[in-house]
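# Breakdown of the fold
Now for the letters of each chain:
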Amino acid sequence: MQRTSFASFKCPAARALDSVGDWWSIMILRDAFQGLTRFDEFQKSLGVAPNILTRRLAHLVEEGIFEKRLYSERPARHEYVLTDKGRDFFPVLMALFSWGRRHVPEDDLAFLLGNAASGTERHTKLVDAETGEELTPKNTCLLPGPAAEESDRERIARVRAWYLGIDA
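All figures in this text were calculated on a predicted structure; none of them were measured in a lab.

## Description of the overall build of the protein chain
Counting its secondary structure elements, the protein chain contains seven helices and two strands. Taking 168 residues into account, the globule formula puts the C-alpha radius of gyration at 15 Å, and the protein chain, at 20 Å, lies well above it. Considered along the principal axes of its C-alpha atoms, the protein chain spans approximately 65 × 40 × 30 Å. Looking at the protein chain alone, contacts between residues at least 24 apart form 35% of all its contacts between residues at least 6 apart. By element, 56% of the accessible surface of the protein chain is carried by carbon and sulfur atoms, the whole surface being about 12,800 Å². For the protein chain, the distance from the average site of its 23 positive side-chain charges to the average site of its 25 negative ones is 3 Å.

Here it is in structure tokens:
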């Protein structure tokens, strides 16, 4: 099944989804943050078919999320190393992990987030980098960006007015 491309969308969330790809790619990134770099490591961890893993890794390299590096010449073998763009995915993965932690039954959890130094469990929240204020649906809205057209600005104003309970 061919998936829809969001590459032409002006929404950062849609473009990010297009860049990452799908759930297999997110699972590959999860494993990369745990130190896996080689095809056979990803395959063993995920149990994914080789053809699917090959396509997902190629997509992540093409998107600049991984850099492919030769580690053996005979036979030619590569490892997949996170780039700056790839490492920037970490907060997204932590948000997904934390959401799952809150909504998966306790008895089904095999992994928790922990402080690497102390070994204590970590609990996450998304905060504004400038103010430290927690971001919530009640205090966060969309604003028009540089590529916003008039229709985008109208939509944003309409949604914001609805949210604030005023007529637009």
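## Focus: the pairing of strand β2 (residues 76–82)
Here strand β1 (residues 66–73) runs beside β2; their pairing, made up of seven bridges, is antiparallel. Among the inter-strand pairings, Arg-69 is bridged to a residue of β2, identified as Glu-79.

## Notes on the environment of Gly-35
Looking at the element boundaries, Gly-35 is found in the loop between α2 (23–32) and α3 (39–46). Using a relative accessible area of 52% as the deciding quantity, one classes Gly-35 as exposed. Residues Gly-35 and Val-81, 46 residues apart in the sequence, show an inter-C-alpha distance of 9.3 Å.

Quick notes on the rules
- Positions within a chain are numbered from 1, following the residues in the order the chain's sequence is written.
- Local features in this predicted model are restricted to residues of pLDDT 70 or higher, and side-chain atom pairs are both shown and tallied only at a pLDDT of 80 or more, whereas totals for entire chains, interfaces and linings draw on every residue.
- With hydrogens and water excluded, all non-hydrogen atoms of the structure serve as input to the side-chain values.
- Numbering of helices and strands runs from the N terminus; a helix is a DSSP stretch of H or I covering at least four residues, while a strand is a stretch of E covering at least two.
- It is over C-alpha atoms that the radius of gyration is taken, and the globule rule equals 2.2 Å times the number of residues to the power 0.38.
- The contact rule is simple, with two residues in contact once any of their heavy atoms fall within 4.5 Å.
- Values of accessible area rely on a 1.4 Å probe in the Shrake-Rupley scheme; residue burial ignores everything except the protein chains shown.
- As used throughout, the charge tally considers Lys and Arg to be positive and Asp and Glu to be negative, leaving His and the chain termini uncounted.
- To locate a charge, take atom NZ for lysine, CZ for arginine, CG for aspartate or CD for glutamate.
- Two strands pair if DSSP finds at least two bridges between them.
- Partly exposed describes any residue whose relative accessible area lies between the buried limit of under 20% and the exposed limit of over 50%, with all areas from a 1.4 Å probe on protein chains only and scaled to the type maximum.

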